[in-house]
Amino acid sequence: MARTLSSTRGRQGRAAAAAAVVLAFALAACGGGSSGSSAASGKTSGVTITVTLAAPAPPKDALAAFTKQTGITVKWVDIDWDSLQTKISAAAAANTYFADATDVDWSRVGQLGKLGWFYPIEQFLDTKALAPDMPQIKSFTVGGHVIGLPYDASFMVTTVNKQMFTKAGITTMPATLDEYTSDLKKLQSKGISAHPLDIPFAAAEGLSTYWYETTGALGGTVLDQSGKPRFTSPGSAGYKAAEWMINAIKTGLVPKGNINVTDSQGMQTLMAKGQAASIYSDYSGNVGSLYNVPSSSSVVNQVKYIPTPGATGAAANWSNPDGIGIPKQAKYPKAAAKFIQWFTSENQQVDFAGVNGPSKAWSTYALPSHLSAVKAMAAKGNLVGGDALSAMLATSKPVFEGGAPSWYPQFSNSVYTNLHAAAAGSETVPQAITAIANTANGLAS
Amino acid sequence: MKAAPAAGSPEGSRGHAAKSLPYLLVTPLAVFIIGLALVPAAFTIIESFYRANPLDPPTRFDGLGNFRRLFANNAVLTSMGNTAVYVAVGVVLSTVLGIFFAVVLRRPFRGRGILIAVLILPWALPGVVEGILWTGIYDPSSGLLNGVLSSLHLASHGSVLLGDNRWLTIILIELVQVWQITPLSALLVLAAMQLMPQELFQAAAIDGCGAWQSFWRITLPLARPGIAVAVVQALIATLNVFDQPYVLNGAATTGSSVTEQTYFISFQNLDFGGGYALSLLITLITMVVSLIVVRAVYRRVDY
């Protein structure tokens, strides 16, 4: 058998190069989008609507009951939060339908309001009547329009492992940030916890939120009404909050490994496992849904909510609820509004919270957004730490006066990347503050 | 001499059908490539010269404005530096390891099939899953790597591996991607090696050629088509790395890649024009470097 061996540059080489070029183009060709809009229908019965949220579907029986009651069938789509935000932007920019009702995150309210990507809810529901019992509706109001309704009440709270505090001889819970810091140092020096505080220093949204909560507790706000920074002076609350947080990791109150720990990771692996003794900016509802769940926690019945220690006493809590709204490309906006009305109703929220039995509970549900529902749950003893939570909910405030600015996501990126860099030591606190302030000034002007 | 079949005759129709068959077969693929690759790519090129930001309407021609802003953006410039290191480390390591595994797997031995199946597993896993898996391995307090290093007294317990030092962070993140892309490199080189005629190696052995010489002078030159494709796929993967740095290191500038910046610019800042421009830059760099690699490494081999 005769075989020849040759090794040449030739036509096939160019063909292979051309193939590489096409492959490169195919990989990079992700920017295009189709245009087109859906004709909205006013139908409110006999239709199927798509509801897309970053959460698993509620109990089947609940959705079936809604269908029976209204004739509207719900197709539930669960997408992770980051992908969902991308999908909302991509679909709106391309004027393409993807859902009849979807997530409206508090942090994007300014952006979504300016873009007009969502229907004002007041077109369909009496939001003014809802507002007194739904205090966090303020977080979804922009330019006088409500673009989403909060379906749960998420706000930042301080949690402490009381058993660890007691072991350290601390019987009175700290009321100010100085007392809180001193107590944490006591926990460390007595060997109760090597690193008693959890701050999520990963370059992600949870780090920004922690800074806002700490800034608020020290009596300040991050941005003024026009979006200009209020944290550049070393005496400002934002500056002091950043210093306190960075100092906490430098002095070992926070484990050094937290440089890459996100908020939820810290809650699950540090606080729920008894390694950390406190989270200054925790999620409301975590005691009942995480720390008191034996399968995911080794600190059952040890963690309590305390009023957030502030500069001189208990501080207000920042609210960051989850909302639901109707995108302008929805096929059935009126049917979607009917769903939102049902989904955010007081009765339904009580069911979701598990008050009427586990079969009606929605596994990931935090806390009702209706104040009356929270109070009723607390009165019946169905809510862990209910008294503390209902008081905090009543006084919770939006992070930004006048709503999050339209450029909030870009600002937040600057906050968490620079605070992360300061924690890692590649920037100093003044450098990080200057970089964040420059971003805010550039975006606000 | 045979007369040509008359037009309309069955023989003529069959001839036409035979001639058009290849075009017919290629059409679906061509439509797919044109519709899903070339048209969006053309759209990307055009839009990269426009200020396309729904927060700053209307969409308007902006010349090289998007590109100027990209080169004035520190986060983008840092990510370009990071990506260059991802490419250098990833391409070299995955290619060298790919060749090594291909040589090991070339000859039949007991359990070879199982080993190939195990080897291919990381390639089959999504990047996000790998990122989550390696987050556990790199964890400062409970991670496997820290445990091994501290037991060998090479590092203190609780040492921070990711996020503390830029270069260490990039290398550790890229190791995860190398773990993912090396199996494909190995299979591509192995496929090229399987085509090599054994007579060549037998003749070389008779002429006194040792194993090392045989590898350098016969195996490697003949494997060049496979190696070229392996290098190009590694190049494309590393230039477009997203999942591993995003999952392991978040948005931190210590490890962010250019594709992460494309995502932030497009979908976080809604600056689609800037996103298009950065996508175009990545594409152009990929094309140019791929062409250089192919010209340098690829050689036609006929047996």
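Criteria and cut-off values
- Residues numbered from 1 in each chain as written.
- Chains lettered and ligands numbered in written order.
- Predicted model: local features only at pLDDT ≥ 70, side-chain atom pairs only at ≥ 80, totals over all residues.
- Helix = DSSP H or I, 4+ residues; strand = E, 2+ residues; numbered from the N terminus.
- Rg over C-alpha atoms; globule rule 2.2 N^0.38 Å.
- Buried ≥ 20, exposed ≤ 12 C-beta atoms within 10 Å, placed from the backbone.
- Contact = placed C-beta atoms within 7 Å.
- Pairing = 2+ DSSP bridges.
- Axes fitted to C-alpha atoms, helices over the stretch in contact; angles between N-to-C directions.
- Parallel < 35°, antiparallel > 145°, perpendicular 65-115°, else oblique.
- Left-handed = near helix turned anticlockwise from the far one by under 90°.
- Nonpolar A, V, L, I, M, F, W, Y, C, P; charged D, E, K, R; others polar.
- Core = buried A, V, L, I, M, F, W, Y, C linked by C-beta atoms within 7 Å.
- Domains from an automatic or database assignment.
- Right-handed = clockwise from strand over helix to strand, strands pointing away.
- Arc of directions from axis to C-beta.

## Points about the overall build of chain B
Step number 1: Within chain B, the regular secondary structure consists of 13 helices and three strands.
Step number 2: By the compact-globule yardstick of 19 Å for 303 residues, chain B is too spread out, its C-alpha radius of gyration being 25 Å.
Step number 3: Its C-alpha atoms give chain B principal-axis dimensions of about 85 × 70 × 30 Å.
Step number 4: Here chain B holds 303 residues, and 41% of them are scored as buried.

## A short note on the overall build of chain A
Step number 1: Within chain A one finds 17 helices and 13 strands.
Step number 2: Whereas a compact globule of 445 residues would reach a radius of gyration of roughly 22 Å, chain A reaches 25 Å, a difference of no more than 12%.
Step number 3: Here chain A holds 445 residues, and 53% of them are scored as buried.
Step number 4: The long-range fraction of contacts in chain A, counting pairs at least 24 apart against all pairs at least 6 apart in sequence, stands at 74%.

## Structural notes on unusual backbone geometry
Step number 1: Note that the residue after B:Pro57, namely B:Pro58, is joined by a cis bond; omega there is -5°.
Step number 2: Inspection of the secondary structure assignment puts B:Pro58 in the loop between strand E1 (50–51) and strand E2 (60–61).
Step number 3: Positioned with a positive phi, A:Asn95 is a non-glycine residue whose angle comes to about 55°.
Step number 4: Mapping A:Asn95 onto the fold places it in the loop between helix H3 (81–93) and strand E4 (101–105).
Step number 5: The partly exposed category is assigned to A:Asn95, around which 15 C-beta atoms lie within 10 Å.

## Points about the sheet that holds strand E8 (residues 156–161) of chain A
Residue and element names in this part refer to chain A.
Step number 1: The three strands are arranged E9-E8-E10 in an open sheet whose pairing can be described as antiparallel. Where the open sheet ends on each side, the last strands, each with one partner, are strand E9 (278–283) and strand E10 (303–306). Strand-to-strand, the axes of this sheet are offset by a mean angle of 40°, without reference to chain direction.
Step number 2: Two strands pair when backbone bridges link them, and E8 and E9 are joined in this way by four bridges, in the antiparallel orientation.

## A closer look at the packing of helix H7 (residues 166–194) of chain B against helix H10 (residues 224–239) of chain B
Helix-helix packing is described using two parameters, namely the angle between the two axes and the distance between the axes.
Residues and elements named next belong to chain B.
Step number 1: Viewed as axis vectors pointing N to C, H7 and H10 meet at an angle of 160°, and their least axial separation amounts to 8 Å. The orientation of H7 relative to H10 falls into the category roughly antiparallel. Between H7 and H10 lies a crossing of right-handed hand. In this structure, H7 contributes Gln177, Ile181, Leu184, Ser185, Leu188, Val189, Ala191 and Ala192 to the contact, and H10 contributes Pro225, Gly226, Ile227, Val229, Ala230, Gln233, Ala234, Ala237 and Thr238.
Step number 2: Tallied by class, the residues present in the contact of H7 with H10 amount to twelve nonpolar, five polar and no charged.

## Considering the environment of B:Arg299
Residue and element names in this part refer to chain B.
Step number 1: Relative to the elements of secondary structure, Arg299 occurs in the loop between helix H13 (272–297) and strand E3 (300–302).
Step number 2: Residue class for Arg299 comes out partly exposed when judged on the 19 C-beta atoms lying within 10 Å of it.
Step number 3: Expressed as a C-alpha distance, the spacing of Arg299 and Leu280, which sit 19 residues apart in the sequence, is 29 Å.

## Section: the nonpolar core
Step number 1: In this structure, A:Ala242, A:Met245, A:Ala336, A:Phe339, A:Leu419 and B:Val189 are the most contacted members of the largest nonpolar core, which totals 194 residues.
Step number 2: Element by element, the count of residues in this core is highest for H7(B), at 13 residues.
Step number 3: There are two domains that each give this core at least three residues, and those are domain 1 (47–154 + 321–394) and domain 2 (156–316 + 407–444) of chain A.
Step number 4: Not counting chain neighbours up to four residues away, the residues in contact with A:Ala242 comprise A:Trp211, A:Leu419, A:Val429, A:Ala432 and A:Ile433.

## Quick word on the domain arrangement of chain A
All names here are of chain A.
Step number 1: Here chain A is partitioned into domain 1 (47–154 + 321–394) and domain 2 (156–316 + 407–444).
Step number 2: Listed by partner, the interface residues are 14 residues for domain 1 and 13 residues for domain 2.
Step number 3: Mapped by element, the contributors of at least two residues to the side of domain 1 that touches domain 2 are helix H4 (109–115) and helix H15 (386–395).
Step number 4: The greatest single-element share of the side of domain 1 that touches domain 2, amounting to three residues, is contributed by H15.

## Section: the sheet that holds strand E2 (residues 47–53) of chain A
Residue and element names in this part refer to chain A.
Step number 1: Across the sheet, which stays open at both edges, the five strands sit in the order E3-E2-E4-E12-E7 with mixed pairing between neighbours. A strand with exactly one partner marks an edge of an open sheet, and here the two such strands are strand E3 (72–78) and strand E7 (149–150).
Step number 2: Note: E7 against strand E12 (residues 322–325), two bridges, orientation antiparallel. Within the sheet, the bridge partner assigned to Leu149 lies in E12 and is Ile324.
Step number 3: Across the sheet, helix H12 (residues 333–343) touches E2, E3, E4, E7 and E12, and the angle it forms with E2 is around 55°.

## Looking at the pairing of E2(A)
All names here are of chain A.
Step number 1: Two elements, E2 and E3, share seven bridges in a ladder whose sense is parallel. Paired with Thr52 across the bridge in E3 is Val77.
Step number 2: Viewed along the sheet, the connection from E2 through helix H2 (residues 60–70) into E3 turns out right-handed.
Step number 3: Pairing analysis gives two bridges linking E2 to E4, with the strands arranged parallel. Paired with Thr52 across the two strands is Thr102, which belongs to E4.

## A word on H15(A)
All names here are of chain A.
Step number 1: The complete set of buried residues in H15 reads Gly386, Leu389, Ser390, Met392 and Leu393. Seen along its axis, H15 keeps its buried residues to an arc of 165°; they face one direction. The outward face of H15, more than 90 degrees from its buried face, is lined by the exposed residues Asp387 and Ala394.
Step number 2: The inward-facing, buried residues of H15 contact E8, E10 and helix H14 (371–380).

## Section: the environment of A:Gly227
Residues and elements named next belong to chain A.
Step number 1: Looking at the secondary structure, you find Gly227 in the loop between helix H8 (205–217) and helix H9 (237–250).
Step number 2: A C-alpha to C-alpha distance of 30 Å links Gly227 and Ala129, two positions 98 residues apart in sequence.
Step number 3: If we ignore the near neighbours within four places in the chain, the residues touching Gly227 are Pro405, Ala440, Leu443 and Ala444.

## Topic: the environment of B:Ala75
Residue and element names in this part refer to chain B.
Step number 1: Inspection of the secondary structure puts Ala75 in helix H3 (residues 74–106).
Step number 2: With 18 C-beta atoms counted inside 10 Å, the residue Ala75 sits in the partly exposed group.
Step number 3: Between the alpha carbons of Ala75 and Gly163 there is a distance of 16 Å; along the sequence they are 88 residues apart.
Step number 4: In this view, Ala75 contacts Thr253, Ser256 and Gln261; residues no more than four positions away in its chain are not counted.

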